[in-house]
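Tertiary structure, described
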Number of protein chains: 4
Amino acid sequence: MVAAAQPAQGQGKRARTKAANRQAILEAARQVFARLGAEATTVRDIIRETDLAAGTFYNYFKSKEEVFEALADEGVRRFRPRLASIRENASSLQAYLLEAYSAYFDFLNEENEEAIRHGAPHAAMIGVRVDTPEMQAVFEEIRTDLEQVAKSTGLSLADSGYLTAAAIGIAREVGDHMLLRRPVDTRGATEFATQLFLHGAGALASKNNS
Amino acid sequence: MVAAAQPAQGQGKRARTKAANRQAILEAARQVFARLGAEATTVRDIIRETDLAAGTFYNYFKSKEEVFEALADEGVRRFRPRLASIRENASSLQAYLLEAYSAYFDFLNEENEEAIRHGAPHAAMIGVRVDTPEMQAVFEEIRTDLEQVAKSTGLSLADSGYLTAAAIGIAREVGDHMLLRRPVDTRGATEFATQLFLHGAGALASKNNS
Amino acid sequence: MVAAAQPAQGQGKRARTKAANRQAILEAARQVFARLGAEATTVRDIIRETDLAAGTFYNYFKSKEEVFEALADEGVRRFRPRLASIRENASSLQAYLLEAYSAYFDFLNEENEEAIRHGAPHAAMIGVRVDTPEMQAVFEEIRTDLEQVAKSTGLSLADSGYLTAAAIGIAREVGDHMLLRRPVDTRGATEFATQLFLHGAGALASKNNS
Amino acid sequence: MVAAAQPAQGQGKRARTKAANRQAILEAARQVFARLGAEATTVRDIIRETDLAAGTFYNYFKSKEEVFEALADEGVRRFRPRLASIRENASSLQAYLLEAYSAYFDFLNEENEEAIRHGAPHAAMIGVRVDTPEMQAVFEEIRTDLEQVAKSTGLSLADSGYLTAAAIGIAREVGDHMLLRRPVDTRGATEFATQLFLHGAGALASKNNS
DNA sequence: CATGAATGAGCATTCATTCAT
DNA sequence: GATGAATGAATGCTCATTCAT
């Protein structure tokens, strides 16, 4: 039993260290990407946030881009199950939208909170333009789903391409806007986005005017 | 007599050359920004697209950022009049949206066509992510207008911040999507965006289902 | 008569302009050298102080070094007569030293005052290390003279090389020091330098101790 | 057993290499400074004298100025003890001067010999204008000392500022001159400088005339 | 594997100099 | 001769990447 918990001790130690180093790099990269933007981040910036040596980086990743993709993969892996179950259980477009927007806004909020917690010294950037690799990947995932869901309903006939684009656009911009408010209200953003997408600004207005 | 007119020409030639060089740099920058993203672009990338020498860049601009701003200014200068008249003449939110979306999609299309016409050597990227400084500037202009228009109607009561964000998001994503289709149909995109924003996906769907 | 005063009118105008431009460049160079140091001065710095165009510089000088030398020549030309007469009229070493030190300290002071008058925006440098080309040239002139004078007296037997070096060293350092005091007292410096060189610190001390 | 001692060696080698590179850069800088003057020297000039790569320079120094200061520090560190003991043990001004001039001329000679030994490819400049950072630093050290010594004696009453300047000037110029002679005679220069400073040219002359 | 120093290509920028007008 | 824009070599410096230990 004990042995089973620590498979092949000596190797286990090494394996753990290896995994830990990889994780450390990813974690550092996540933070630095959020802080400086993926574009402006250098490999040096990443390893500096680590207790590892410069050369070690290349034992795990071939370049900054590979880290970027690894983060994206991680994000997707974390998010795909939720999306899959949403897609399967959605009884209506509205139901799907509510769940999907909610999932996205929650995810966005988590990423953002984490960025705020860990450093993020450039106060001006807090809450603005959280465009991590994970997020982008999740985004594409949703786009695909949404296109499928749209296609499987009468609504898609209108123009599933544009409809998906619009849904995505709403998520993106309303999501960014949401992060600027305190407290961050993912629920409110979700309802807004869903209502707007389904019934337009008119519906929202009349709701508030009455 | 003709000879007497010459001096002006000598000066004219110089002036023309200067203006031409400035334009060449701006044009090159516009393309490279579109291709690589403004962030990733280096001054060298820009002048390389030109038949000018490295140092010449600095006869016209102090830095990459100055080029960026010059492009943004140019875009705004070209676009602001249209926006102003739209804003003033809009009799309803629908009218404003139709005009504004139309103006934005036209502008986007123009930029895109120009990019295609002038080189754009990396064919793969044509029509994708046209995020030039001009566009960003025009964008902010619209956002401001829209917020004002929204504020001055009952609709704003709902949540002018989110509403504006949504309208922008729709424009952004539907616009990018529009450029991927052939022929590019700005009119269709305009109507789609306006309808969706005002009445939601439901309205569009029923229209097609009936 | 009138014609004689303006030899060949058209040419005269041109000649005057030519000379004036050359002078303007030299004057500008003198100032900038004093302000920034000859080493750090660029051709651009010089012509910027002028109303001439960049290219014009090269109609008069091949390089910054040539300006430097022209200034040195000018300094020597201005100074050589005084030195010559001093050398010829010196009835004793003491007489020569008094006159030569006086001439050097006066020259130094003039240069310095001019530098202060014209700009010299780096206040910290005022009065410090005035090491213009003219000065260096004058310096070498003196060195030669002094060596000759020393050689022609019994004193030189000691070691005319070292003696000259010492006289020069005293002039240099005491001169710089002199410029730091207000008011600048060339007479005092001259007497000090002469006394020290001839009779040593002992003589000076006893004079004050008594 | 021997193998067990190896780990230290691995580290030792690295450490040695690092120190060696730092020394190589300093050494190269010393030479190039002497050859071209500190002002005119570029970082590239320094590393070119080395078998290191351009970027390596910045592993050791942030800029040329930092090298300059490191050299100055080194010179002072090497020289300060000698000066301190001289100052403390000086029973008279003469004693102080003898020791101080001797120390300075020896130092100058060492620096010069080193420059000759290590390359100094521009033969024409050997022995001329040795104005390294170390020397400048040592110089200031002496100036301070001398001023104090002067101040603590009756001699200072004359004019300690000028006296110090004169002593320094003598050291500078006689020192440069000394290096031009073969063999280099620091002892002779020391005696000359001390005698001249204390008793003037008259004393030296009479000594030789008799 | 980890380390971290060395590498050298690449970038922004400056500046002496040339040359068409 | 005067002009001033164009030139491109040179400089300080950064950074991804390699490699001996």
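Thresholds, definitions, all that
- Residues numbered from 1 in each chain as written.
- Chains lettered and ligands numbered in written order.
- Predicted model: local features only at pLDDT ≥ 70, side-chain atom pairs only at ≥ 80, totals over all residues.
- Heavy atoms only, no water.
- Helix = DSSP H or I, 4+ residues; strand = E, 2+ residues; numbered from the N terminus.
- Buried < 20%, exposed > 50% of the residue type's maximum accessible area, 1.4 Å probe, protein only.
- Contact = heavy atoms within 4.5 Å.
- Areas by Shrake-Rupley, 256 points an atom, 1.4 Å probe, with all protein chains shown as cover.
- Least-squares fit on C-alpha atoms with pLDDT ≥ 70 in both.
- Patch = residues over 30% accessible without salt bridge, like charges linked within 9 Å, V, L, I, M, F, W, Y side chains within 5 Å.
- Salt bridge = Lys/Arg side-chain N within 4 Å of Asp/Glu carboxyl O.
- Lys, Arg positive; Asp, Glu negative; His and termini not counted.
- Charge placed at Lys NZ, Arg CZ, Asp CG, Glu CD.
- Near = heavy atom within 4 Å.
- Polar contact = N/O pair within 3.5 Å; in protein donor to acceptor, adjacent residues only side chain to side chain.
- Buried area = accessible area lost by both parts, 1.4 Å probe.
- Nonpolar A, V, L, I, M, F, W, Y, C, P; charged D, E, K, R; others polar.
- Expected span 1.5 Å × (residues − 1).
- Bend = angle between axes of the 7 residues up to and from the residue.
- UniProt positions renumbered as here; feature names shortened; annotations may be inferred.
- Phe/Tyr/Trp six-rings, centres within 6.5 Å; stacked < 30°, edge-to-face > 60°.

**A short note on the overall build of chain A**
- Summing up its helical and strand segments, chain A has nine helices and zero strands in all.
- Listed N to C, the secondary structure of chain A is α-α-α-α-α-α-α-α-α in terms of helices and strands.
- Split into buried and exposed, the 210 residues of chain A put 48% on the buried side.
- Restricting to contacts in chain A with at least 6 residues of sequence separation, those with at least 24 account for 68%.
- Surface exposure of chain A reaches about 10600 Å², of which carbon and sulfur atoms provide 52%.

**Structural notes on the relation of the copies chain C and chain D**
- Between the two copies, chain C and chain D, the superposition gives an RMSD of 0.9 Å; the rotation angle is 177° and the shift along the axis is 0.3 Å. Between the two chains, the operation in question is that of a two-fold axis. Scanning chain C for the C-alpha nearest the rotation axis identifies Gly 200 of chain C, at a separation of 1.5 Å.

**Considerations on a negative patch on the surface**
- There is a patch of like negative charges on the surface, built from Glu 39, Glu 65, Glu 66, Glu 69 and Asp 73 of chain A together with Glu 39, Glu 65, Glu 66, Glu 69 and Asp 73 of chain B.
- Secondary-structure elements contributing two or more residues to the negative patch are helix 5 (64-89) of chain A together with helix 4 (64-89) of chain B.
- Here Glu 69 of chain B lies in helix 4.
- Relative accessible area serves as the criterion here: at 51%, Glu 69 of chain B is assigned to the exposed category.

**A closer look at the protein's contact with DNA strand E**
- Of all residues adjacent to DNA strand E, which total 35 residues, the nearest are Lys 18, Asn 21 and Tyr 60 of chain A, Thr 42 of chain C together with Asn 21 of chain D.
- Close to the protein, within 4 Å, the atoms of DNA strand E are drawn from sugar and phosphate at a rate of 60%.
- A distance of 3.1 Å is found between a phosphate oxygen of DNA strand E and a side-chain nitrogen or oxygen belonging to Thr 56 of chain A.
- Here Tyr 58 of chain B contributes a side-chain N or O atom positioned 3.0 Å from a phosphate oxygen of DNA strand E.
- Elements with a minimum of two residues in the surface near DNA strand E: helix 2 (9-36) and helix 4 (57-60) of chain A, helix 1 (2-36) and helix 2 (43-48) of chain B, helix 3 (43-48) of chain C together with helix 1 (2-36) and helix 3 (57-60) of chain D.

**Quick word on unusual backbone geometry**
- Residue Pro 183 of chain A is bonded to the preceding Arg 182 of chain A through a cis peptide linkage, with omega at -5°.
- Considering the arrangement of structural elements, one finds Pro 183 of chain A in the loop between helix 8 (156-179) and helix 9 (186-209).

**With respect to the interface of chain A and chain B**
- Opposite the 36 residues of chain A that make contact, chain B presents 36 residues.
- Together, the buried faces of chain A and chain B total about 3000 Å²; carbon and sulfur atoms form 65% of this surface.
- When the area that chain A buries against chain B is broken down by residue, the three leading residues are Tyr 162, Glu 173 and Phe 192 of chain A, summing to 23%.
- Counting the contacts that link chain A with chain B gives four salt bridges.
- Remark: the boundary between chain A and chain B carries nine residue pairs in polar contact (both at pLDDT 80 or more).
- Looking at the side of chain A that touches chain B, the elements with two or more residues in it are helix 8 and helix 9 of chain A.
- With 16 residues, helix 8 of chain A is the single largest residue contributor to the side of chain A that touches chain B.
- Classifying every residue of the side of chain A that touches chain B by side-chain character gives 20 nonpolar, nine polar and seven charged.

**Description of the protein's contact with DNA strand F**
- If you check the shell around DNA strand F, you find 36 residues, and the closest are Thr 42 and Tyr 58 of chain A, Asn 21 of chain B, Asn 21 of chain C together with Arg 44 of chain D.
- When the atoms of DNA strand F within 4 Å of the protein are grouped by moiety, sugar and phosphate amount to 59% of the total.
- Asn 59 of chain C places a polar side-chain atom, nitrogen or oxygen, 3.0 Å from a phosphate oxygen of DNA strand F.
- Of all the secondary-structure elements, those providing two or more residues to the surface near DNA strand F are helix 3 (43-48) of chain A, helix 1 and helix 3 (57-60) of chain B, helix 2 (9-36) and helix 4 (57-60) of chain C together with helix 1 and helix 2 (43-48) of chain D.
- When grouped by side-chain class, the residues that make up the surface near DNA strand F number eleven nonpolar, 15 polar and ten charged.

**A closer look at the environment of Phe 68 of chain D**
- With respect to the element layout, Phe 68 of chain D can be found in helix 4 (residues 64-89).
- Taking C-alpha positions, Phe 68 of chain D is 8.0 Å from Ala 29 of chain D, a pair spaced 39 residues apart along the chain.

**Observations regarding helix 4 of chain B**
- The terminal C-alpha atoms of helix 4 of chain B, which comprises 26 residues, lie 38 Å apart, in line with the 38 Å expected from a rise of 1.5 Å per residue.
- For helix 4 of chain B, the principal kink sits at Phe 79 of chain B and spans about 40°; a proline, Pro 81 of chain B, occurs within the next four residues.

**Brief notes about the UniProt feature "DNA-binding region" (unreviewed entry) in chain A**
- As recorded in UniProt, the sites labelled "DNA-binding region" (unreviewed entry) are residues 42-61 of chain A.
- With 50% helix and 0% strand, the stretch residues 42-61 of chain A has end C-alpha atoms that lie 13 Å from each other.

**Observations concerning the relation of the copies chain A and chain B**
- With an RMSD of 0.9 Å, chain A superimposes on chain B once it is rotated by 177° and translated 0.3 Å along the axis.
- Of all interface residues in chain A, 100% are interface residues in chain B too; the two copies therefore contact each other through one and the same surface.

**Focus on the packing of aromatic side chains**
- Summed over the entire model, instances satisfying the criterion amount to 26 aromatic pairs over all chains.
- Judged by centre distance (5.6 Å) and plane angle (50°), the rings of Tyr 104 of chain C and Phe 105 of chain C are tilted. Taken individually, Tyr 104 of chain C and Phe 105 of chain C each receive the classification buried, so the pair is uniform in this respect.
- Ring centres of Phe 57 of chain D and Phe 61 of chain D lie 5.9 Å apart, and the angle between their planes is 45°; on these two criteria the pair is classed as tilted.

**Description of the pattern of salt bridges**
- Following the criterion strictly, the structure yields 39 salt bridges over all chains and no others.
- Notably, a salt bridge pairs Arg 30 of chain B with Glu 27 of chain B, separated by 3.2 Å at the nearest N-O pair. Taken together, the residues span about one helical turn, with Arg 30 of chain B and Glu 27 of chain B both in helix 1 at a distance of three residues.
- Accessibility expressed as a relative area gives 7% for Arg 30 of chain B, which makes it buried.
- Put simply, Asp 45 of chain D and Arg 48 of chain D hold a salt bridge, and the shortest N to O gap is 3.1 Å. One end of the pair, Asp 45 of chain D, and the other, Arg 48 of chain D, are both in helix 2, three residues apart, so they sit about a helical turn from each other.
- A relative accessible area of 15% places Asp 45 of chain D in the buried class.

**Things to note about the side chain of Thr 50 of chain C**
- Positionally, Thr 50 of chain C belongs in the loop between helix 3 and helix 4.
- If we ignore the near neighbours within four places in the chain, the residues touching Thr 50 of chain C are Ala 24, Ile 25 and Ala 28 of chain C.

**Overview of the environment of Gly 75 of chain B**
All names here are of chain B.
- Following the sequence through the fold, Gly 75 ends up in helix 4.
- In sequence terms Gly 75 and Ala 137 are 62 residues apart; their C-alpha atoms lie 7.0 Å from each other.
- Once residues lying within four places of it in the same chain are set aside, the contact partners of Gly 75 are Glu 134 and Val 138.

**Quick notes on the interface of chain C and chain D**
- Every contact between the two is made by 36 residues of chain C and, on the other side, 36 residues of chain D.
- Carbon and sulfur atoms supply 65% of the area buried between chain C and chain D, which totals about 3000 Å² over both sides.
- Two residues, Arg 172 of chain C and Glu 173 of chain D, come together in a salt bridge whose shortest N-O distance is 3.0 Å.
- On the surface where chain C and chain D come into contact, there are nine residue pairs in polar contact (both at pLDDT 80 or more).
- A per-element tally of the side of chain C that touches chain D places helix 8 (residues 156-180) of chain C first, with 16 residues.

**Digging into helix 5 of chain A**
- Buried within helix 5 of chain A are the following residues: Lys 64, Val 67, Ala 70, Leu 71, Ala 72, Glu 74, Gly 75, Val 76, Phe 79, Leu 83 and Ile 86 of chain A.
- Where helix 5 of chain A begins, one side-chain oxygen reaches toward the backbone nitrogen of Glu 65 of chain A, 3.2 Å away; that side chain belongs to Ser 63 of chain A.

**Let's talk about the side chain of Asp 159 of chain B**
- Take Asp 159 of chain B: it is sitting in helix 7 (residues 156-180).
- Overall, Asp 159 of chain B belongs to the buried group, its relative accessible area being 19%.
- Engagement of the side chain of Asp 159 of chain B in a polar contact is seen with the side chain of Arg 181 of chain A, the distance being 2.8 Å.

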